[in-house]
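Observations on the model geometry
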Amino acid sequence: MVSFNTIAQNARIRTYCNPVDIDYTYMSHYRAISNVSYRSGADPAVINFKGKYYLFATRSHGYWVSEDMGKWRFIRPVSWYFGGSNAPAAAVKDDKVLVYGDPSGRGPIIETDNPELGDWKTNFAVLNPPGGIQDPNIFVDTDGRVYLYEESSNKWPIRGVELDPDNYYIPKGEQVDLFNLNPDNHGWERFGQDHRSDLAPFIEGPWMVKHDDTYYLMYGASGTQWNVYADGVYTSDNPLGPFTYAPYNPVAYKPGGFLNGAGHGSAVKDNNGNLWHFSTMAISVNYKFERRIGMYPAGFEEDGQMYVNTAYGDYPHYLPDVEVDNHKHRFTGWMLLSKDKAVKTNSVLTGVQRNVVDEHEEGRMLEQEAPDYSISMINDENIRTLWVAESNSDSIWFEMDLGRTMTIHAFQLNFQDFNAEIFGKPDTLRQQFVIELSKDGKEWETVVDFSENQEDRPHAYIELTEATQGRFVKFNNVYFPNRYLAMGEFRIFGNGNDPKPSTPRSFTVQRQIDERNADIYWEAVDNAMGYVLYWGIEKNRLNNSVMIYGQNSYELRALNKGQKYYFAIEAFNENGISEPSETTRAR
C-alpha cells in the first residue's frame, strides 16, 4: 500500500500562490442591469494595524484580516457602506484606522479603533471636491500630516490635497493637479491588451509610499481589464510635488502567465519591515470588472529605485514570516507540473450558452473564448478558459496523468463561475472535495481531504505538509455551491526530477522605429515549457519581467522613449530554471 501525507483544510502553511486565496465577494451592483453573477476582488488597500494586516477591496461588503498574509478571515463590520465601498482608501493614524470608500464619490472619512468589530464612526463632514472622489488614497506622513490623493479618469490627472485631522479631515486649501499619463512617450501607459488599443487610457488608483525622505506616488494604468494593467511611480521630496517620472517605470507589471495584471495596488510593510505590493489582476470573462488580487515582494534598491518582483508571480512564494536570503526573491522554486498533461473526466457540459456581459465590440474587453468546456481547459494555464461539468453532483471526478512520478508540494484549485446565480456575500458558500494520488493508477490514497470543508475557497491553494511522490492525481467532487461545477485551472506544483532546460541561444533585441516597442527573438529550447524575459535600465537590475508560453519571440510594448534598456532571458520547465542568457543592451 502506498503511503501519503493527508492534509486537511486547517494545516499551517509557509507559502502562498496568486491569486490571493480569499473568499471573493459576488458582485451585486450590476444585478439589475445584466443579472450576471460573478466574483471579484480589486483595488486592494492593505494596511498593517497593530501587527495584523487588513485588506479592503472594491464592493466586498466588508474586508479581511490576517496575521500572516496567508490565511485571511472575512469581517462583516457592524457598520459599513450599504452598497459596498468603491476602491477604498485605508490608513492608520493615532491608533485608529481611517477609511474613505463611499461609492457616491462624496462622503466623510470614517474611522475605528477596532476594525475586527468594525464599529465605524462618521464625523458627518462630507468631502465634496469638484468631480467627486475617485480611487482615493489616504496618506499619513511621518510628521502626522494627512493627505488625500484621488482620480480615475481617461482625461483628468491624479490630484492631491492636504486634510486637516483636527477639523474632521476637511481639505486645507484646494486640490493640486499632480501628473497625468503620457502614452506617446511611455509605452506601458497605452490602453488595451498588450497596449494595442487607440482608445484613451485611464490613470487611477494612486498610493503614496515614503522611503527615507522621498515620496513615491504610485498610480495605475491603463485599464483594469487588460493583461498589461500596471503600476508606475512618480517621486518627489514633497507630498504635493512637483513630481518626477521614474525612468524605470512600470514598477509593477505582469503581462504574462496564468493570471495577468499588477495595477491599482497598495504597498504595506510586514512585521519584519519588508514591503509588499498588493494589486489587481484581470479575468474579465463574465464582465470586464471580473478581477482578483495578487501580492508580490517589493522594496527599494540602494539608490532608491522602487521594485515589485512579479517573476514567476503566479507560482508559489514564501510568506512574510518565512526567512529567506533576499526578500526580493521569495519564489520557492516549485515548478508547474500540470500544464497540458493528459486528463479525463466523467462529465463535460455541452449545449448551454454562457450568460456574460460582453463589451469586446466596443474595445472595452477581450473577445470571449470559444465555448469549449472540455476537460483539457483545466490545465492550459489560461484562467479565462474553463472546464464545466454537467451539474454539481458528488459523483463528478477528473483524473490527471503527470506522465511519470514527480515530487508534489502543492495544489491550487481555481473554481470559476459559469451561469452562477449568487449575489452579495452569503455565509453558506463552500467547496468540498477530495484529492487522491497514485503512482500506478491502481492503488490510491487520499492526499487532500476537504470533504467537510466549511470555508469559501474559490482559489484554494493547498500546501502539503511534506513533499509527496505521485504520478496520477484524482479530484473527486463532494459539494459545489453553483449549479455547474466549473474550474478555470487545476494546478500542481513541485519538481519533475528530470533535466532543466538549457539557456536560450541567439537572444536578440531590436528597438523599433517607435522605440516604445522592441522585437525580441531567441532559439526555442527543446525541453522548455516556457521562458521568462527580463529587462531594466541597469545591467544588474532587470526588475521587469514577463512569462511567455509557447513561442520564441515577443513584442515588448512597454518601454519609455529616450531610455536605454538591458535584457536577458531564461527557460524553465517542470524540473527547474535554466541559467540566464548574457545580458544584452538595446538603445
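Since we're looking at a predicted model, the values are computed, not measured.

**Remarks on the overall build of the chain**
Within the chain, the regular secondary structure consists of one helix and 42 strands. Radius of gyration (C-alpha) of the chain: 23 Å, near the 25 Å computed for a compact globule of 587 residues. Referenced to the eigenvectors of the C-alpha coordinate spread, the extents of the chain come out at roughly 75 × 55 × 50 Å. Per-residue burial for the chain yields a buried fraction of 62% across its 587 residues.

**Quick notes on the sheet that holds strand E5 (residues 52-56)**
An order of E4-E5-E6-E7 is seen for the four strands of this open sheet, with the pairing classed as antiparallel. Edge positions in the open sheet fall to strand E4 (45-49) and strand E7 (72-75), since each of these has one partner strand only. Geometrically, the sheet is characterised by an average inter-axis angle of 25 degrees between neighbouring strands, direction not taken into account. Here strand E6 (residues 63-66) runs beside E7; their pairing, made up of four bridges, is antiparallel. Counted as the bridge partner of Trp 64 is Phe 74 from E7.

**Details of the sheet that holds strand E22 (residues 260-269)**
Here four strands make up an open sheet; going across it, the order is E22-E23-E24-E25 and the pairing antiparallel. With partners counted over all chains shown, the strands left at the sheet margins are E22 and strand E25 (306-308), one partner each. Averaged over all neighbouring strand pairs, the angle between strand axes comes to 30 degrees, with direction disregarded.

**Let's talk about empty space enclosed by the protein**
Tallied over the full model, the rule gives five cavities of 30 Å³ or more. Roughly 80 Å³ of volume is contained in the largest cavity. Lining the largest cavity we find 14 residues, and of these Tyr 248, Pro 250, Gln 305, Asn 543 and Asn 544 sit closest to its centre. Taken together, the elements giving at least two residues each to the lining of the largest cavity come down to E25 and strand E37 (530-536). With three residues, the top contributor of residues to the lining of the largest cavity is E25.

**Some points on the side chain of Lys 339**
Assignment of secondary structure puts Lys 339 in the loop between strand E27 (335-336) and strand E28 (342-345). Within the local environment of Lys 339, its side chain forms a polar contact with the side chain of Asp 340, the two groups lying 2.7 Å apart. Those residues within four positions of Lys 339 in sequence are excluded, and the remaining contacts are Asn 379, Asp 380, Glu 381, Met 529 and Tyr 549.

**Comments concerning unusual backbone geometry**
Between Asn 18 and Pro 19 the backbone carries a cis peptide bond, its omega angle lying at 5 degrees. Within the secondary structure, Pro 19 sits in the loop between strand E1 (15-16) and strand E2 (25-26). Along the chain, Ala 221 connects to Ser 222 via a cis peptide bond; the corresponding omega equals 5 degrees. Mapped onto the elements, Ser 222 comes out in the loop between strand E19 (214-221) and strand E20 (230-236). Phi is positive for Lys 50, close to 55 degrees, though the residue is something other than glycine. Residue class for Lys 50 comes out exposed when judged on its relative accessible area of 61%. Notably, Ser 506 is not glycine yet its phi reads approximately 55 degrees, a positive angle.

**Focus on the environment of Tyr 229**
Structurally, the position occupied by Tyr 229 is in the loop between E19 and E20. A sequence separation of 261 residues divides Tyr 229 from Phe 490, and the C-alpha atoms of the two residues are 25 Å apart. Contacts of Tyr 229, omitting those with residues within four sequence positions, involve Glu 204, Gly 220, Ala 221, Ser 222, Gly 223, Thr 224, Gly 261, Ala 262, Gly 263, His 264 and Thr 280.

**A word on the nonpolar core**
By size, the foremost hydrophobic cluster in this structure holds 81 residues, and its most contacted members are Phe 56, Tyr 219, Met 306 and Phe 567. Residue contributions to this core peak at six residues, all from E19. Judged by nonpolar contacts, the second largest core, of 31 residues, contains Val 343, Ala 389, Phe 433 and Leu 437.

**Examining the packing of aromatic side chains**
By the definition in use, this model includes 44 aromatic pairs. Between Tyr 312 and Phe 572, the aromatic rings sit 5.6 Å apart at their centres with planes inclined by 75 degrees, giving edge-to-face as the arrangement. On the criterion of sequence distance, the pair formed by Tyr 312 in the loop between E25 and strand E26 (317-318) and Phe 572 in strand E40 (residues 565-573) is long-range, its members being 260 residues apart. Relative accessible area serves as the criterion here: at 4%, Tyr 312 is assigned to the buried category. Overall, Phe 572 belongs to the buried group, its relative accessible area being 0%. The ring of Trp 397 has Lys 474 sitting right over it, with the charged end atom 5.1 Å from the ring centre.

**Brief notes about the confidence of the model for the chain**
Confidence along the chain averages 96 in pLDDT terms, with 98% of residues attaining 70 or more. Confidence drops under pLDDT 50 across residues 1-6; counting only partners more than four residues distant or on other chains, this segment forms 19 contacts.

Reading the values: rules and limits
- Residues numbered from 1 in each chain as written.
- Predicted model: local features only at pLDDT ≥ 70, side-chain atom pairs only at ≥ 80, totals over all residues.
- Heavy atoms only, no water.
- Helix = DSSP H or I, 4+ residues; strand = E, 2+ residues; numbered from the N terminus.
- Rg over C-alpha atoms; globule rule 2.2 N^0.38 Å.
- Buried < 20%, exposed > 50% of the residue type's maximum accessible area, 1.4 Å probe, protein only.
- Pairing = 2+ DSSP bridges.
- Axes fitted to C-alpha atoms, helices over the stretch in contact; angles between N-to-C directions.
- 1 Å grid on protein atoms, 1.4 Å probe; cavity = no way out; pocket = protein on both sides within 12 Å on 5 of 7 lines; lining within 4 Å.
- Points joined across faces, edges and corners; volume = space filled by probe spheres on them.
- Polar contact = N/O pair within 3.5 Å; in protein donor to acceptor, adjacent residues only side chain to side chain.
- Contact = heavy atoms within 4.5 Å.
- Core = buried A, V, L, I, M, F, W, Y, C linked by side-chain atoms within 4.5 Å.
- Phe/Tyr/Trp six-rings, centres within 6.5 Å; stacked < 30°, edge-to-face > 60°.
- Lys NZ or Arg CZ within 6 Å of the ring centre and 35° of its normal.
- pLDDT = per-residue confidence, 0-100.

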